[in-house]
Amino acid sequence: MLDSRHPATRTRHRPARPQPVFVDRTGRRRRLAVLAGSGLGAGLLVSLGAIALGLFAGGSVPVPGWPDPQDGTGRERAGVGQLVDAPGPGTTPTGQGGPAEGPARPPAETPRTTPAPSASTTRANPGDPHRNPSPGKPGGPDRTGRPDRSAGTPG
Amino acid sequence: MALHVARKDPRAHWFLLFLALTVLLAALFLHGYATVGSGGSGHAADRAGTADGDPTPPGGPSTDDDLSRGGPVIRLDGPKPVTRSMPARTIALTFDDGPDPRWTPAILDVLRRHHAKATFFVVGARVNEHPELTRRILAEGHEIGSHTFTHAELAAVPDWRRELELSLTRTAVAGATGRYPTLFRPPFSSSPGALTTDDQSVLRAAARSGHIAVLADRDTRDWQRPGVDAVVAATLGVDDGTGDQDTGDSDRGAVVLMHDGGGDRSQTVAALDRLLPALTGQGYRFTTVSGGLAAPSSNPPASRTDRLGGDTLRYAQTAAGWLAAAMTWLLGLALLLGLARLSVQVVCAERHRRRVGARSGTGPRFLEPVTVVVPAYNESANIAATVRSLVASDYPALDVIVVDDGSTDGTADIVERMRLPGVRVVRQANAGKPAALNTGIRYARTEFLVLVDGDTVFQPDTVYRLVQGFVDPSVGAISGNTKVANRRRLLGRWQHLEYVIGFNLDRRMYDVLRCMPTIPGAIGAFRREALRDAGGVPADTLAEDTDLTMAVLRAGWRVPYEGRAIAWTEAPATLRQLWRQRYRWCYGTLQAMWKHRRSVQERGAGGRLGRRALPYLTVFQVLLPLTAPAVDVFAVYGLFFLPWSQLVLAWLGLLALQTLTAGYALRLDGERLGPLWALPLQQLVHRQLMYLVVVQSVVTALLGGRLRWHRMVRTGEAAALVDPPVGQRPPTGVQGAGTRWPTNRTDYPDRPRVRIHRDA
């Protein structure tokens with residue numbers, strides 16, 4: 001049974017208790033790294049935020065209103081620039097007059113004479129504050145009541 | 001272990017890594033999304049039928065006759081749809097799919113020359129690529145509408161995608177020009193008559209976010225490049241034979257569909273150059289859609305938030321493009337490096353095999369006395385088997401010294417009770433494995449030493465085969481071959497494959513290139529003179545075996561590899577143990593590399609280490625593993641955005657390469673090919689663990705903190721392989737081994753490889 005407290009020292013260069021590689025006793029590198037890491041993290045968070053902002057900006061915007069079709073276009077002939085009301089989704093008008101729809105509605109291309117002076121095709125959607133019903137335009141709120149409509153589509 | 005007592009391992013970097021990977025993933029997805037739909041003519045093949053007059057387009061025939069027969073400008077934001085057409089002799093030219101760096105300026109020039117205005121339905125992703133063109137369109141008095149962000153066929157995508165397409169385009173235009181687009185033309189649309197029910201639902205959805213749909217009366221089909229005459233004729237409304245166009249009455253106004261992006265638009269430019277002067281002479285005017293309807297501008301000013309959002313979206317898209325390009329280059333580089341490495345490995349392995357084959361059976365035999373030094377700390381589970389296997393060696397002159405480094409589980413007692421001839425036990429106060437090795441070396445009386453871990457089991461021929469290389473007086477140390485004993489379960493099987501590939505290919509390469517960086521602690525033979533030159537076993541790194549080998553090499557000694565000298569070792573059986581082991585290996589190897597960094601400038605043997613092994617280790621064990629997380633993120637991106645055929649092909653190709661390499665290595669090592677099936681599974685857990693360990697090690701090194709000795713619980717499975725367990729062995733897993741040394745120091749540098757060239 002041998003005891004290492006009395007070693008036969010044959011190895012000449014006994015390593016002294018060394019400072020381990022990489023160990024920084026001052027802690028300076030750790031502080032620097034924490035600083036750099038925080039900066040990096042902040043940068044990454046900002047870029048994530050930027051991507052999110054870019055993705056989720058740009059929702060609904062107010063649509064500029066339309067004037068009466070004859071406004072502003074003096075050269076407009078009768079028969080063009082017509083306004084046509086179409087029924088909402090779910091209904092299936094035939095255009096040639098379904099029995100429940102009253103008089104046959106002319107096809108869209110049919111010339112229309114004298115659109116209602118009061119018509120503004122922009123409607124305020126009551127549920128949507130973004131809608132911008134063409135300020136300054138005179139106009140009845142509802143074109144369905146226009147007297148000169150040649151087609152009586154369901155309102 | 002007093003030498004390496006440490007504070008907690010750093011953790012915050014995981015959050016940073018996660019954040020960085022999230023940003024990378026988001027950027028790649030953004031890039032993939034922005035580029036996926038932007039090629040070609042902008043007309044999906046399956047919808048081409050619609051443009052060609054297919055009477056019943058996909059999505060079912062329209063049921064809403066009023067819409068389909070109305071004018072091309074459709075407003076659906078009110079309770080009832082409203083449609084309008086252009087007045088007589090008014091033509092609203094509309095250009096889809098731009099902005100395009102070549103054709104949009106050309107078209108703008110023609111329009112300016114003839115004082116014509118038009119409407120441009122832009123693709124949002126391209127607006128981000130060419131914001132200056134978008135600004136120019138508006139600045140020259142034209143109008144901008146939305147043509148979705150990626151030229152998506154909105155009728156075929158889910159609702160969220162519809163909304164995203166429109167809102168992203170709105171944001172992009174807002175960022176580029178400070179104005180919103182409110183006109184909207186769905187891609188793949190033409191005239192109101194071709195509207196399907198699906199198309200109509202798209203228009204309604206778009207109307208809810210404030211979009212007025214603009215279809216077309218006349219589709220010039222310029223994207224098919226039918227010839228300048230045909231484009232002119234279609235613009236004039238001359239019947240082109242398909243019958244679904246607005247024809248005949250060319251006095252009437254019209255919305256005319258053309259394209260300024262998505263391909264060669266020279267015919268469009270030429271047609272415009274002919275049309276504009278001719279029709280202007282006939283009293284036609286060319287105007288924007290809003291201008292034709294006498295409506296106010298459809299491009300109201302954008303809010304600050306949306307402009308900012310648009311700017312960031314553009315920056316993000318640009319940066320994402322760079323990132324994606326960088327990733328592509330990285331993958332290419334990694335693939336090249338991997339292939340280069342493989343060819344060097346194969347060439348070296350073949351040369352090594354020939355050399356070993358030529359040497360065997362000839363020349364003098366080496367039979368000098370040899371001492372085996374077994375450092376042991378709480379090694380009661382395996383020590384008896386280890387010592388017994390050593391004593392059973394068929395080497396004629398063998399001493400065994402077991403150095404007990406202050407074990408608390410009676411390791412030394414176990415060996416002493418065995419009363420084996422030629423086996424000595426040295427006890428010392430706990431001082432660490434390097435100190436124990438140095439103690440054993442001091443006590444040895446022979447000039448040749450074999451250093452072994454306390455849990456390693458030798459074969460009878462191991463020592464003999466290992467030391468034969470010392471016949472050559474220039475050989476200072478020899479590396480043996482460690483094999484995984486517990487390879488029945490998946491984790492063991494993975495490590496078995498890893499060990500074999502590492503030893504057979506890397507070690508043979510190191511041998512041939514004379515730059516062996518690591519002799520595994522489990523089995524290595526040393527000339528005493530070489531140990532003396534190296535200053536004994538160093539204690540300032542956690543990888544004392546790598547450190548020692550590098551020092552021996554730098555002292556000018558040759559260090560060959562003897563693949564037939566086999567030591568059986570027990571690989572970690574749980575992920576946690578594997579993590580700890582690899583963390584220590586990796587960190588220790590980094591330490592050793594750093595400690596011996598000056599070898600780069602040395603001549604001779606040291607220079608070979610510094611200029612061959614160190615760069616190799618730096619690239620393949622540090623840098624590539626550090627980029628591997630990004631590669632995995634790229635693979636996820638690929639799953640979503642790359643064609644499946646390409647993905648499958650790439651995956652199969654890389655897998656084949658990997659399997660062939662592994663098969664070759666297994667053959668070289670005389671192993672069965674059976675475990676190869678575990679190779680594809682390695683990509684899922686093992687690979688990530690391997691690269692995360694490198695991340696952890698590099699961060700720890702950078703921070704300059706101390707690393708605890710990580711511990712490994714042994715089960716004695718390596719012992720059971722060769723030798724039945726001795727009676728006094730404590731029950732498996734409770735042998736107080738929580739405080740064992742980490743042994744099983746097989747060649748780390750070969751190990752935590754992330755074979756990047758094998759991954760998608």
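For clarity, every value in this text was computed on a predicted model and none was experimentally measured.

Scoring rules and cut-offs
Residues numbered from 1 in each chain as written. Chains lettered and ligands numbered in written order. Predicted model: local features only at pLDDT ≥ 70, side-chain atom pairs only at ≥ 80, totals over all residues. Helix = DSSP H or I, 4+ residues; strand = E, 2+ residues; numbered from the N terminus. Buried ≥ 20, exposed ≤ 12 C-beta atoms within 10 Å, placed from the backbone. Contact = placed C-beta atoms within 7 Å. Expected span 1.5 Å × (residues − 1). Arc of directions from axis to C-beta. Core = buried A, V, L, I, M, F, W, Y, C linked by C-beta atoms within 7 Å. Pairing = 2+ DSSP bridges. pLDDT = per-residue confidence, 0-100.

1. Quick look at the overall build of chain B
Next, step 1: The secondary structure content of chain B amounts to 25 helices and 18 strands.
Next, step 2: Here chain B holds 760 residues, and 58% of them are scored as buried.

2. Considering the overall build of chain A
Next, step 1: Within chain A, the secondary structure is distributed over one helix and two strands.
Next, step 2: Along chain A, helices and strands appear, N-terminal first, in the series β-α-β.
Next, step 3: Looking at chain A residue by residue over its 155 residues, the buried ones come to 26%.
Next, step 4: In chain A, once contacts between residues fewer than 6 apart in sequence are set aside, the share between residues at least 24 apart is 65%.

3. Focus: helix 8 (residues 197–208) of chain B
Residue and element names in this part refer to chain B.
Next, step 1: The first and last C-alpha atoms of helix 8 sit 17 Å apart over 12 residues, in line with the 16 Å expected at 1.5 Å per residue.
Next, step 2: Where helix 8 is concerned, the buried positions are Asp-199, Gln-200, Val-202, Leu-203, Ala-206 and Ala-207. One side of helix 8 holds all its buried residues, which, seen down the axis, span an arc of 155°.
Next, step 3: Gly-210 lies just past helix 8 and shows a positive phi near 85°.

4. A closer look at the nonpolar core
Next, step 1: Of all hydrophobic cores here, the largest spans 201 residues; its most connected members are Val-373, Val-374 and Val-402 of chain B.
Next, step 2: Those residues within four positions of Val-402 of chain B in sequence are excluded, and the remaining contacts are Val-374, Ala-376, Val-387, Ala-412, Val-415, Val-423 and Val-425 of chain B.

5. Remarks on the pairing of strand 18 (residues 561–569) of chain B
Residue and element names in this part refer to chain B.
Next, step 1: With eight of its nine residues buried, strand 18 lies for the most part within the structure.
Next, step 2: Here strand 15 (residues 457–458) runs beside strand 18; their pairing, made up of two bridges, is antiparallel. When the bridges of strand 18 are listed, Val-457 appears paired with Trp-568.

6. Structural notes on the confidence of the model for chain A
All names here are of chain A.
Next, step 1: Averaged over all residues, the pLDDT of chain A equals 53, while 30% of them reach at least 70.
Next, step 2: Every residue in residues 1–16 is under pLDDT 50, and counting partners more than four places away or in other chains gives 29 contacts.
Next, step 3: Note on residues 70–155: pLDDT under 50 across the span, and 158 contacts to partners over four residues away in sequence or across chains.

7. Describing the environment of Asp-461 of chain B
Residue and element names in this part refer to chain B.
Next, step 1: Within the secondary structure layout, Asp-461 lies in the loop between strand 15 and helix 16 (462–467).
Next, step 2: A residue is classified by how many C-beta atoms lie within 10 Å of it, and Asp-461, with 14 of them, is partly exposed.
Next, step 3: In this structure, the C-alpha to C-alpha distance between Asp-461 and Ala-205, residues 256 residues apart in sequence, is 80 Å.

8. What to know about helix 9 (residues 228–236) of chain B
Residues and elements named next belong to chain B.
Next, step 1: All buried positions along helix 9 are accounted for by Val-231, Ala-234 and Thr-235. In a view along the axis of helix 9, the buried residues occupy a sector of 100°, so they form one face of it.
Next, step 2: Against strand 8 (218–219), strand 9 (254–259) and helix 10 (266–281) lie the buried residues of helix 9.
Next, step 3: The first or second residue beyond helix 9 is Gly-237, which carries a positive phi of 85°.

9. Focus on unusual backbone geometry
All names here are of chain B.
Next, step 1: Pro-99 follows Gly-98 through a cis peptide bond whose omega is -5°.
Next, step 2: Looking at the secondary structure, you find Pro-99 in the loop between strand 3 (90–98) and helix 4 (103–113).
Next, step 3: Positive phi, close to 50°, is recorded for Asn-378, a residue that is not glycine.
Next, step 4: The topology assignment puts Asn-378 in the loop between strand 11 (370–376) and helix 13 (383–391).
Next, step 5: Residue Asn-378 is classed as buried on the basis of its C-beta count, with 25 C-beta atoms lying within 10 Å.
Next, step 6: Of note in this structure, Arg-514 is not a glycine but carries a positive phi near 55°.
Next, step 7: For Arg-514, the location among the structural elements is in the loop between helix 17 (490–513) and strand 17 (523–527).

10. Digging into the confidence of the model for chain B
All names here are of chain B.
Next, step 1: Per-residue confidence for chain B gives a mean pLDDT of 84; residues scoring 70 or more make up 86%.
Next, step 2: In this model residues 1–6 is a low-confidence stretch, pLDDT under 50, and it forms 16 contacts with partners more than four residues away in sequence or in other chains.
Next, step 3: Model confidence for the complex is summarised by a pTM of 0.77, with the ipTM given as 0.77.

11. Description of the pairing of strand 14 (residues 448–452) of chain B
Residue and element names in this part refer to chain B.
Next, step 1: Most of strand 14 sits inside the fold, with five of its five residues counted as buried.
Next, step 2: Alternating positions in strand 14 separate into two faces, Phe-448, Val-450 and Val-452 on one and Leu-449 and Leu-451 on the other, with burial throughout.
Next, step 3: Where strand 11 and strand 14 come together, four bridges link them in parallel fashion. The partner of Val-373 across the bridge, within strand 14, is Leu-451.

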